[in-house]
Amino acid sequence: MLYKADMAKEIANNLVIFLDKVGKYYFFLITAALYFCVLTLPEYAFGDFSMYVRYFISYIVINIIGNYYLCIKQGYYRPAQNKETLPGASWSFCEDCQQIQPPRCHHCPLCHRCILKRDHHCFFISTCVGQDNQANFAVYCFHASVGLLLSFAVLSHYLSASYYEVFSLDFYYYFPLFTLLNCLLGRVDIGTFFLTILLCGSFFTGICTMLLFLWQLFLISFDLTSHEVQQLWHSKGAGLSKMKTQVWYNMNQSFGIFPLLLFVLPIPLRFRRSSGSIMKSYL
């Protein structure tokens, strides 16, 4: 029985590692393909404004790449001096890293590191979202969702003119299996098939990333993590009064003194706030 349990655990770990790689490559491929479509086909949706759309999507791509880079530069927690005794009752000891952990610090089995204020491990960026990169991750999701939904608008106009009307009773022609069947029967070309796949991918991925952005914005506003929200949910609201309700203060702690500035340009953490405020919530 113990051997079977170990095998099941190993299979589950390998599956998570596989999904971690697939998620990253999926987002890379669909993002690159969709932005290529926006750069080449904007006339079908925006007409005379297509040139401005190209400029705008190029600006979005720059923000996505910049914030992605800052996200993967996530810092891992390393104590200045590893002590055998815990500094306080709220501290713990990580058996994997063999080091002490401050409050709200958790070990990630995929990153193999302890993450300050760990929220979750994101398959899109193949790293953890925590204290050092949560703000950049939220902005990354915002720009990605804007770009993906803009791609959906362009593709829907183009396919409505060359295939079937997207927003009509013929929408079922855009189901991937149905389109693949039509492609095998020679009713549509392979290019149209791939564009319908991109259309579905842009819509669902864009909606998911927008919801993820709104969720991260909520967590940042109330100084919470997904793990802590889950604990509050299971406790049926017990301890809800401990939430930090100074929304603007919490936003400043993550986004910096001028929160909207991070949505304009990808700015590193050290230029957004003083290093002394990073550990304030842990002591």
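Residues numbered from 1 in each chain as written. Predicted model: local features only at pLDDT ≥ 70, side-chain atom pairs only at ≥ 80, totals over all residues. Heavy atoms only, no water.

Attention shifts here to the overall build of the protein. A count of helical and extended segments in the protein gives nine helices and six strands. Contacts in the protein between residues at least 24 apart in sequence constitute 58% of all its contacts with a sequence separation of at least 6. A total of about 16,300 Å² of accessible surface is found on the protein, and carbon and sulfur atoms cover 68% of it. (Helix = DSSP H or I, 4+ residues; strand = E, 2+ residues; numbered from the N terminus. Contact = heavy atoms within 4.5 Å. Areas by Shrake-Rupley, 256 points an atom, 1.4 Å probe, with all protein chains shown as cover.)

The end-to-end C-alpha separation of helix 3 (residues 50-72) is 33 Å, in line with the 33 Å expected for 23 residues at 1.5 Å each. Residues of helix 3 that are buried: Ser50, Val53, Ile57, Ile60, Asn63, Ile64, Gly66, Asn67, Tyr68, Leu70 and Cys71. (Expected span 1.5 Å × (residues − 1). Buried < 20%, exposed > 50% of the residue type's maximum accessible area, 1.4 Å probe, protein only.)

Turning our eyes to something else, we now look at unusual backbone geometry. Glycine aside, a negative phi is what most residues show, and trans is what most peptide bonds show. Positive phi is not limited to glycine here, since Arg104 has a value of about 65°. Position of Arg104 among the secondary structure elements: in the loop between strand 2 (99-101) and strand 3 (105-108). With relative accessibility at 18%, the residue Arg104 sits in the buried group. Within the chain, Lys117 stands out as a residue other than glycine whose phi angle is a positive 50°.

Within the secondary structure, Ser145 is located in helix 4 (residues 134-162). Look past the residues within four positions of Ser145 in its chain and what remains in contact with it is Gly206, Thr209 and Met210.

Here we take up the state of the cysteines. Every disulfide links exactly two cysteines, by a covalent bond between their sulfur atoms. Tallying each qualifying case throughout the model produces zero disulfides. Free cysteine: Cys71, not disulfide-bonded; nearest cysteine sulfur from Cys141 at 7.6 Å. Cys122 takes part in no disulfide bond, and the closest cysteine sulfur, belonging to Cys141, lies 6.3 Å away. (Disulfide = S-S within 2.5 Å.)

In this section: the environment of Arg104. Here the alpha-carbon distance between Arg104 and Leu224, two residues 120 residues apart in the chain, equals 9.7 Å. Of the polar contacts made by the side chain of Arg104, one reaches the side chain of Glu228; its length is 2.7 Å. (Polar contact = N/O pair within 3.5 Å; in protein donor to acceptor, adjacent residues only side chain to side chain.)

This model, assessed by the stated rule, comprises 12 aromatic pairs. Ring centres of Tyr68 and Tyr140 lie 6.0 Å apart, and the angle between their planes is 45°; on these two criteria the pair is classed as tilted. Taken together, the residues Tyr68 in helix 3 and Tyr140 in helix 4 connect sequence positions 72 residues apart. Both residues of the pair, Tyr68 and Tyr140, belong to the buried class. Ring centres 6.1 Å apart and planes at 85° place the aromatic pair Phe213 and Phe263 in the edge-to-face group. You can see Phe213 sitting in helix 6 (residues 190-221) and its partner Phe263 sitting in helix 9 (residues 261-264), a full 50 residues away along the chain. When sorted by exposure, Phe213 lands in the same class as Phe263, which is buried. Among the aromatic residues, ring-to-ring pairing joins Phe142, Phe213, Phe255 and Phe263 into one connected group. (Phe/Tyr/Trp six-rings, centres within 6.5 Å; stacked < 30°, edge-to-face > 60°.)

Once that is clear, we can look at the pairing of strand 4 (residues 113-116). Remark: a regular strand shows side chains that alternate across the two faces of the sheet. Pairing geometry for strand 3 and strand 4, over four bridges, is antiparallel. By the bridge assignment for strand 4, His107 is matched with Cys114. (Pairing = 2+ DSSP bridges.)

Here the focus is the packing of helix 3 against helix 4. Between two packed helices, what matters for the description is the angle formed by their axes and the separation of those axes. It is at 9 Å that the axes of helix 3 and helix 4 come closest, and there the two elements cross at 150°. Accordingly, the angle class assigned to the pair helix 3 and helix 4 is roughly antiparallel. You can see that helix 3 and helix 4 cross each other, and the crossing is left-handed. Contact with helix 3, carried on its side by Val53, Phe56, Ile57, Ile60, Asn63, Ile64, Asn67, Tyr68, Leu70 and Cys71, involves Asn136, Phe137, Val139, Tyr140, His143, Ala144, Val146, Gly147 and Leu150 of helix 4 and no other residues of that element. (Axes fitted to C-alpha atoms, helices over the stretch in contact; angles between N-to-C directions. Parallel < 35°, antiparallel > 145°, perpendicular 65-115°, else oblique. Left-handed = near helix turned anticlockwise from the far one by under 90°.)

Averaged over the protein, the pLDDT score is 78; the fraction of residues at 70 or greater is 82%. Contacts of residues 274-283 to residues separated by more than four positions or lying in other chains number 17 contacts, the stretch itself having pLDDT below 50. (pLDDT = per-residue confidence, 0-100.)

What follows deals with the nonpolar core. One recurring pattern in soluble globular proteins: nonpolar side chains tend to sit buried together. Ranked by internal contacts, the top residues of the largest apolar core, which has 46 residues, are Ile125, Phe137, Tyr140, Leu155, Leu198, Leu199 and Phe255. Among the elements of the structure, helix 1 (2-40), helix 3, helix 4, helix 6, helix 8 (247-255) and helix 9 are those that each provide at least two residues to this core. Examining the composition of this core, we find that 13 residues originate from one element, helix 4, more than from any other. Sequence-distant contacts of Tyr140, that is, excluding residues within four places in its chain, are made with Phe27, Ile64, Asn67, Tyr68, Cys71 and Ile125. (Core = buried A, V, L, I, M, F, W, Y, C linked by side-chain atoms within 4.5 Å.)

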